[in-house]
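Residues per chain, in single letters:
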Amino acid sequence: MRDQSPPSPPDLFTWEFAANPYPAYAWLREHAPVHKTKLPSGVDAWLVTRYADARQTLADTRLSKNPAHHDEPAHAKGKTGIPGERQADLMTHLLNIDPPDHTRLRRLVSKAFTPRRVAEFAPRVQELTDDLIDRFTRGGDTADLIHDFAFPLPIYAICDLLGVPREDQDDFRDWAGMMIRHGGGPRGGVARSVKKMRGYLAELIHRKRQALPAEPVPGEDLISGLIRASDHGEHLTENEAAAMAFILLFAGFETTVNLIGNGTYALLTHPEQRERLQRALAEGDHGLLETGVEELLRHDGPVEMATWRFATEPVVIGGQRIETGDPVLVVLAAADRDPERFADPDTLDLGRRDNQHLGYGHGIHYCLGAPLARLEGQTALATLLTRLPDLRLAADPAELRWRGGLIMRGLRTLPVEFSPPRSGQT
């Protein structure tokens, strides 16, 4: 008789998996779409991999963002959430709370983080983009596009938006660099960086609160906007403002680092799509740039898994019963390649129209900073392809290494070659 036992699941969280997790996710979608696994931290969690289940899960109010609902003290041990956030008293941010507190805080933050503010910031993003390209092209005809471009651009942009003085922004760059190493730095380095950032933000918020004018001024920074924001007369406390500024920085820079890095890598390894976009940009058509960035977010996006959720009661997802207290991780990278939702999901098509991807989440926790990330991604990719039209990989793709970590997906380095722009060329 033939063996009817189910096939064994693929190995997860190895270096080989990090380089290309999509075959493993395809297996899970087909054979175990809601799959319980032991994470590298030792925590047992459910992985949700199909698009329909993922979308339902992201909006399910029975799944709490508050780690107090976890049935194990894993969060206190730093095994869930952002390392060091509990010790630094930074827990009261949008990724860790539920309604009604989430509703109140998001409404307050939304008043300071409006689409108009992002649109007004576009010239500064372009200025930063051009300045960084100027810097690394002066040094010759090679660069590490992560270190020299994709990493500093969103750091300096979010610092400017928050109102961090220019003279302090390199400190933020150092702290942020430690935070995205995901174990590649010294032991405890992430928690120390989080603590330093928290101390700095508390001091900065205090100074800005004392100096805040009675009425808003044109171009007022985001921290001042957070301090000024109120809901029925209720203002953010300094601790809430510090936690909100921290998470806007933390969530707002690494996602964009990975969007620019993964997106550039995808274009360099899909030359026909890259040439298609370059032709459109040369003709002044930015429509393909807009759909293209959405496709890059779907195809190999910056966030591999949505942040932690915990069942507050028994929940059935995809036919699988999840018990109270169980952690649930929605695998956005798997859901966004589900053939039940996307035609030819493994194909990169910059002109894809029906593209309701989950790259920035869904429901009440949809990414507040998505408009800024899109602006930075579009500006960075368009400027790179226009100013460095012969940009090319300077390494075998098989030699590239991806950063470890559970939530984010991004390259450690991206070596490139190019012909330096001629003097005066923009």
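So, here's what we can say about the structure.

Thresholds, definitions, all that
- Residues numbered from 1 in each chain as written.
- Predicted model: local features only at pLDDT ≥ 70, side-chain atom pairs only at ≥ 80, totals over all residues.
- Heavy atoms only, no water.
- Axes fitted to C-alpha atoms, helices over the stretch in contact; angles between N-to-C directions.
- Helix = DSSP H or I, 4+ residues; strand = E, 2+ residues; numbered from the N terminus.
- Parallel < 35°, antiparallel > 145°, perpendicular 65-115°, else oblique.
- Left-handed = near helix turned anticlockwise from the far one by under 90°.
- Contact = heavy atoms within 4.5 Å.
- Nonpolar A, V, L, I, M, F, W, Y, C, P; charged D, E, K, R; others polar.
- Pairing = 2+ DSSP bridges.
- Buried < 20%, exposed > 50% of the residue type's maximum accessible area, 1.4 Å probe, protein only.
- Salt bridge = Lys/Arg side-chain N within 4 Å of Asp/Glu carboxyl O.
- Lys, Arg positive; Asp, Glu negative; His and termini not counted.
- Core = buried A, V, L, I, M, F, W, Y, C linked by side-chain atoms within 4.5 Å.
- Expected span 1.5 Å × (residues − 1).

1. Side note on the packing of helix H6 (residues 122-138) against helix H16 (residues 370-387)
Reasoning step 1: The N-to-C vectors of H6 and H16 enclose an angle of 40 degrees; their axes lie 10 Å apart at closest approach. By the criterion of interaxial angle, the relationship of H6 to H16 is oblique. In terms of crossing hand, the pair formed by H6 and H16 is right-handed. In contact with Ala 122, Val 125, Gln 126, Thr 129, Asp 130, Ile 133, Asp 134 and Phe 136 of H6, H16 contributes Leu 375, Glu 376, Thr 379, Ala 380, Thr 383, Leu 384 and Arg 387.
Reasoning step 2: By residue class, the composition of the contact of H6 with H16 is 7 nonpolar, 4 polar and 4 charged.

2. Describing the environment of Ala 282
Reasoning step 1: By the element assignment, Ala 282 lies in helix H13 (residues 271-282).
Reasoning step 2: Ala 282 sits 103 residues away from Leu 385 along the chain, and the two C-alpha atoms are 9.8 Å apart.

3. Points about the sheet that holds strand S4 (residues 142-144)
Sheets are built from strands that pair by backbone hydrogen bonding, the pairs being arranged parallel or antiparallel.
Reasoning step 1: Ordered by their spatial adjacency, 3 strands build an open sheet running S4-S12-S11, and the pairing between neighbours is antiparallel. Two strands close off the open sheet at either side, each with one partner strand: S4 and strand S11 (392-393).
Reasoning step 2: Pairing of S11 with strand S12 (residues 415-417), which is carried by 2 bridges, proceeds in the antiparallel orientation. For Arg 392, the partnering residue across the bridge sits in S12 and is Glu 417.

4. Focus on the pairing of strand S2 (residues 44-48)
Reasoning step 1: Taking burial as the measure, the 5 residues of S2 include 4 buried ones, the bulk of the element.
Reasoning step 2: Remark: 5 residues form the turn of the hairpin made by strand S1 (residues 34-38) and S2, two consecutive strands paired antiparallel; Gly 42 in that turn has positive phi of roughly 95 degrees.
Reasoning step 3: The sheet contact formed by S2 and strand S10 (residues 327-330) spans 3 bridges and is parallel. Bridge assignment links Val 48 to a residue of S10, and that residue is Val 330.

5. Some thoughts on the pattern of salt bridges
Reasoning step 1: According to the stated counting rule, one finds 23 salt bridges in the structure shown.
Reasoning step 2: Of the charged contacts, one joins Glu 254 and Arg 403 as a salt bridge, the two residues approaching to 3.5 Å between their closest N and O atoms. Of this pair, Glu 254 sits in helix H12 (residues 238-268) while Arg 403 sits in the loop between S11 and S12; the two residues are 149 residues apart in sequence, bridging distant segments of the chain. Neither Glu 254 nor Arg 403 differs from the other in exposure class; each is buried.
Reasoning step 3: Within the structure, one salt-bridge network assembled from shared partners comprises Arg 124, Glu 127, Asp 160 and Arg 166.

6. Some remarks on the side chain of Arg 117
Reasoning step 1: Relative to the elements of secondary structure, Arg 117 occurs in helix H5 (residues 115-120).
Reasoning step 2: The side chain of Arg 117 sits in the buried core without any salt bridge; Glu 220 is the nearest counter-charge, 5.3 Å away.

7. Focus on the nonpolar core
Reasoning step 1: Phe 136, Phe 149, Phe 172 and Leu 414 are the most contacted members of the largest nonpolar core, which has 73 residues in total.
Reasoning step 2: For this core, the element with the highest residue contribution is H12, accounting for 14 residues.
Reasoning step 3: Contact partners of Phe 149, with chain neighbours within four places excluded, come to Thr 129, Leu 132, Ile 133, Phe 136, Asp 144, Pro 154, Ile 260, Ala 380 and Leu 384.

8. A short note on the sheet that holds S2
Reasoning step 1: Spatial strand order, S1-S2-S10-S7-S3: 5 strands in an open sheet with mixed pairing. Two strands bound the open sheet, and with one partner strand each, they are S1 and strand S3 (63-64).
Reasoning step 2: Summarising the sheet, strand S7 (residues 309-311) and S10 pair through 2 bridges and their orientation is antiparallel. Bridge assignment links Phe 310 to a residue of S10, and that residue is Pro 327.
Reasoning step 3: Contacts from helix H3 (residues 51-58) reach S1, S2, S3, S7 and S10 within the one sheet, and its direction differs from that of S10 by about 125 degrees.

9. Quick notes on H16
Reasoning step 1: Given a rise of 1.5 Å per residue, 18 residues ought to cover 26 Å, and the 25 Å separating the end C-alpha atoms of H16 matches this to within 8%.
Reasoning step 2: Counting buried residues along H16, 15 of its 18 residues qualify, which places the element largely inside the surrounding structure.

Without other data, these values stay purely geometric and don't point to any function.
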